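Residue strings, one per chain:
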Amino acid sequence: MDSVDSRESRRGTSSGSSFWDYAYEVGITPWDVGYPPTELVSLVESGFLRPCRSLDVGCGTGSLVIYLAEKGFDAYGLDISRVAIDKALEKAVSRGVSPNFYVADFTNVGEVIGLDLGEFELVTDVGCFHSIRPGLDRVKYRDSLNHVLRVGGYFLLWCFEKGNYNWGPPGVGANEVESIFGSSYDVVVKRSSSISSRRMFFYILVRSK
Ligand SMILES: C[S@@+](CC[C@H](N)C(=O)[O-])C[C@H]1O[C@@H](n2cnc3c(N)ncnc32)[C@H](O)[C@@H]1O
């Protein structure tokens, strides 16, 4: 399959993106801060994460993907929102890098397989998994992750803790990540992240099988 550069993105068959497209169209995107999470920057700057094939799931307008591309990673981003990916493409061009962007629904395993992305050594997710409807869709997300992340690869996850909030995404239960991913991933880091005012966890998982 041909590679796709930042002037074009590959489209999957996703539907159900209307909420996200609307948010990006009208600019109600408080999460879109324009820079990657501090934890990621520390891991890259310290040399813990070295340039490799990386995929950001739910990449939005591409800040994390563009940062990794600037650091020499073979960086990919995927999002269900065509509007977000169009903005990511524009931003990448203005920053002089050419990461690969895809429009697809990560809870649709068949669609992810059809993209023929190959294997990644690093997968990141800042705020996508915690937005996905609890239950079967989160299991399907895990199945897509298993399709793209190689054994021994890192999965970095930032997600809101579930709580009594009357706004925003559902978040994740106290041990939900461990229970969904635990059979084939080791949780090597789980701590609070300060990148949001709402209580948020930062996880590093390593795929064990
Ligand atoms: C809270 S935003 C975070 C965006 C980006 N990671 C950031 O930090 O700016 C969640 C993102 O996940 C995307 N998303 C939601 N459900 C998705 C799905 N099933 N597959 C792929 N992307 C999805 C949304 O379009 C949105 O861009």
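Our subject is the structure listed above.
Read on for an overview of the structure. (Residues numbered from 1 in each chain as written. Predicted model: local features only at pLDDT ≥ 70, side-chain atom pairs only at ≥ 80, totals over all residues. Heavy atoms only, no water.)

Time to look at the overall build of the protein. On a plain count of helices and strands, the protein comes out with 7 helices and 8 strands. Here the C-alpha radius of gyration of the protein, 16 Å, is about what a compact globule of 209 residues would show, namely 17 Å. Dimensions along the principal axes, computed over C-alpha positions, put the protein at roughly 40 × 35 × 35 Å. A separation of at least 24 residues holds for 71% of the contacts in the protein among residues at least 6 apart in sequence. Taking the average location of the 22 positive side-chain charges in the protein and that of its 26 negative ones, the two points are 4 Å from each other. (Helix = DSSP H or I, 4+ residues; strand = E, 2+ residues; numbered from the N terminus. Rg over C-alpha atoms; globule rule 2.2 N^0.38 Å. Contact = heavy atoms within 4.5 Å. Lys, Arg positive; Asp, Glu negative; His and termini not counted. Charge placed at Lys NZ, Arg CZ, Asp CG, Glu CD.)

Here the focus is the side chain of aspartate 21. Tracing the backbone through its elements, the reader meets aspartate 21 in helix α1 (residues 18-26). Here arginine 82 takes part through its backbone nitrogen, which lies 3.2 Å from a polar atom of the side chain of aspartate 21. In contact with aspartate 21, other than residues within four places in its own chain, are Ser81, Arg82 and Val83. (Polar contact = N/O pair within 3.5 Å; in protein donor to acceptor, adjacent residues only side chain to side chain.)

Before going further, it helps to spend a moment on the nonpolar core. With 30 residues, the main nonpolar core has Leu55 and Phe181 as its most contacted residues. Of all the elements in the fold, those that place two or more residues in this core are β2 (53-57), β3 (74-79), α5 (109-115), β5 (120-126), α6 (136-148), β6 (149-160), α7 (176-181) and β8 (200-207). Excluding anything up to four places from it in sequence, leucine 55 contacts Tyr76, Gly77, Leu78, Phe106, Leu117, Phe120, Leu122, Val123, Thr124 and Val148. Core analysis: the next-biggest nonpolar cluster, separate from the first, contains 28 residues, Leu43, Leu68, Ala69 and Leu122 among them. (Core = buried A, V, L, I, M, F, W, Y, C linked by side-chain atoms within 4.5 Å. Buried < 20%, exposed > 50% of the residue type's maximum accessible area, 1.4 Å probe, protein only.)

This brings us to unusual backbone geometry. Note: most peptide bonds trans; most residues except glycine with negative phi. The backbone of aspartate 116 shows a phi angle near 55 degrees, a positive value even though the residue is not glycine. With respect to the helices and strands, the residue aspartate 116 is situated in the loop between α5 and β5. Residue class for aspartate 116 comes out partly exposed when judged on its relative accessible area of 46%.

In total, this model carries 10 salt bridges according to the counting rule given. Residue arginine 133 pairs with aspartate 137 through a salt bridge whose shortest N-O separation is 2.8 Å. With its nearest N and O atoms 3.1 Å apart, the salt bridge here joins aspartate 143 to arginine 142. Residue classification places arginine 142 among the buried residues on the basis of a relative accessible area of 16%. One continuous salt-bridge network, built from bridges that share partners, spans Arg133, Asp137 and Lys140. (Salt bridge = Lys/Arg side-chain N within 4 Å of Asp/Glu carboxyl O.)

Among all positions in helix α2 (residues 38-45), only Glu39, Leu40, Leu43 and Val44 are buried. Seen along its axis, α2 keeps its buried residues to an arc of 130 degrees; they face one direction. Each element contacted by the buried residues of α2 is listed here: α3 (63-70), β5, β6, β7 (185-193) and β8. Glycine 47 sits one or two residues past α2 and shows a positive phi near 90 degrees. (Arc of directions from axis to C-beta.)

Turning next to the packing of α3 against helix α4 (residues 82-95). Where α3 contacts α4, the two axes come as close as 10 Å, and the packing angle between them is 30 degrees. As far as their axial angle goes, α4 and α3 are roughly parallel. Where α3 crosses over α4, the handedness of that crossing is right-handed. Of the residues in α4, those in contact with Ser63, Ile66 and Glu70 of α3 are Ala88, Lys91, Ala92 and Arg95. Partitioning the contact of α3 with α4 into residue classes produces 3 nonpolar, 1 polar and 3 charged. (Axes fitted to C-alpha atoms, helices over the stretch in contact; angles between N-to-C directions. Parallel < 35°, antiparallel > 145°, perpendicular 65-115°, else oblique. Left-handed = near helix turned anticlockwise from the far one by under 90°. Nonpolar A, V, L, I, M, F, W, Y, C, P; charged D, E, K, R; others polar.)

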